[in-house]
Amino acid sequence: MNPDVNQVVLLGVKGGPAIRPGSSMPTSILVQMAGKTVLVDAGLGCASAICKAGDALTDLDAVLVTHLHSDHYLELGPLLHTAWTAGLKRPLPVYGPSGLGAYWQGFMASMAYDIDTRTADEGRPDFASLFPIHLLDEETRLGIGDITVTALRNHHPPVVESYALRLESPHHSVTLSGDTAPIEEMVAFAIGSDLLVHEAMLTDAIRTLCDRIDYSDDRLYDHIIRSHTPAHEAAKIAARAGVHRLALNHLVPSEEPGITSATWHAAVTPHFDGHILIGEDGMVIPLDEVP
Ligand SMILES: [Zn+2]
Ligand SMILES: [Zn+2]
């Protein structure tokens, strides 16, 4: 990457794991500040999205996983394996909730034949030691070069270990809500950020979405409603936190006929008078240009 680039790239902006023809992709966000490139979440499609954004997988400096819903880490193993075959030689630390280690051991076991073969036959570096797995929790205070990362436990039932993240460099600050219902603590956590990337749903459209999927009962509907944030609540949090920009992300619904970026704007503009972005896959948000 260009070390002078300070930006956030929304690699995938849909909420939830399913993809369908024409849909956007599950969650992953690239944060590039102070010469470092940090991937937050590794949803399906993240490896190709990073390359499409013009970044080499070998340029990643850290990967952070906010929680263990599959739309946030389904492609973690394939991403790291592909970084390895793309020539990664230095350790790439991975941070996530307890349980990520078990996923990682399982992934490595599932790929043991390939990993062992390529290591012996192609002389690639030792796979396991390239990817140290570290615990992410609310005590986390992590330095990645000049970036400091802090975490806030959010409210995403039934998932207990689920986190919002704040990444700060000497010149920029970005807060990512993760998956969460609206919480009071997010206001102080995001305060003064250059950019708040907050998850958002359009509550009125969730019933239509669930009816179309045709689940046999209301559990999916109830899960979405109790563990995610209505768009207007995200806007209120952004306003109270005094952030400069709000990007809506993890959009639910993401492919409902008739719902456009104008629908999302209409939900948030009455509550936030800063700059509003409605996330799209591949959207680049420069941090040096204040609109
Ligand atoms: Zn999610
Ligand atoms: Zn989730």
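Look above for the structure.
Criteria and thresholds
- Residues numbered from 1 in each chain as written.
- Chains lettered and ligands numbered in written order.
- Predicted model: local features only at pLDDT ≥ 70, side-chain atom pairs only at ≥ 80, totals over all residues.
- Heavy atoms only, no water.
- Donors = N, O, S within 2.8 Å, 3.2 Å for Na, K, Ca; no water.
- Tetrahedral: all angles 85-135°; square planar, octahedral: opposite > 155°, others 65-115°.
- Buried < 20%, exposed > 50% of the residue type's maximum accessible area, 1.4 Å probe, protein only.
- Axes fitted to C-alpha atoms, helices over the stretch in contact; angles between N-to-C directions.
- Helix = DSSP H or I, 4+ residues; strand = E, 2+ residues; numbered from the N terminus.
- Parallel < 35°, antiparallel > 145°, perpendicular 65-115°, else oblique.
- Left-handed = near helix turned anticlockwise from the far one by under 90°.
- Contact = heavy atoms within 4.5 Å.

Please explain the coordination of the zinc ion (ligand 1) as it appears in this structure.
Geometry reference: four tetrahedral donors at a metal, ideal angle 109.5 degrees. Six octahedral donors, ideal angles 90 or 180 degrees. Looking at the zinc ion (ligand 1), the protein donor atoms are D71 (OD), H72 (NE2), D179 (OD) and H250 (NE2), and they sit 2.1 to 2.2 Å from it. Between the four donor atoms coordinating the zinc ion (ligand 1), the angles at the centre fall across 86 to 170 degrees, so the site counts as irregular. All donors of the zinc ion (ligand 1) come from a single chain, and their spacing in sequence reads D-H-x106-D-x70-H. Here the zinc ion (ligand 1) and the zinc ion (ligand 2) are spaced 3.4 Å apart, linked through D179, which binds each one. Note on D71: relative accessible area 5%, which makes it buried. The buried category is assigned to H72, whose relative accessible area is 1%.

Can you help me understand the packing of helix α9 (residues 231-241) against helix α10 (residues 261-268) in this one?
Geometry of a packed helix pair, given as the angle between the helix axes and the separation of the axes. Where α9 meets α10, the axes come as close as 8 Å, and the angle between the chain directions of the two elements is 55 degrees. Here α9 is positioned oblique relative to α10, judged by the angle of their axes. Of the two possible hands of crossing, α9 and α10 adopt the one that is right-handed. Residue-level inspection shows A231, H232 and A235 of α9 in contact with α10, the latter providing W264, A267 and V268.

Which parts of the structure should I look at to understand unusual backbone geometry?
Glycine aside, residues mostly have negative phi angles, and peptide bonds mostly take the trans form. Note the cis peptide between P157 and P158, where omega equals 5 degrees. Relative to the helices and strands, P158 resides in the loop between β8 (147-153) and β9 (163-168). Each neighbour pair has its own omega, and for V252 with P253 the value is 0 degrees, a cis peptide bond. Turning to its location among the elements, P253 is positioned in the loop between β12 (245-252) and α10. Positive phi, normally seen in glycine, also occurs at A34, with a value near 50 degrees. Positionally, A34 belongs in the loop between β2 (28-33) and β3 (36-40). When its relative accessible area of 33% is taken as the criterion, A34 is described as partly exposed.

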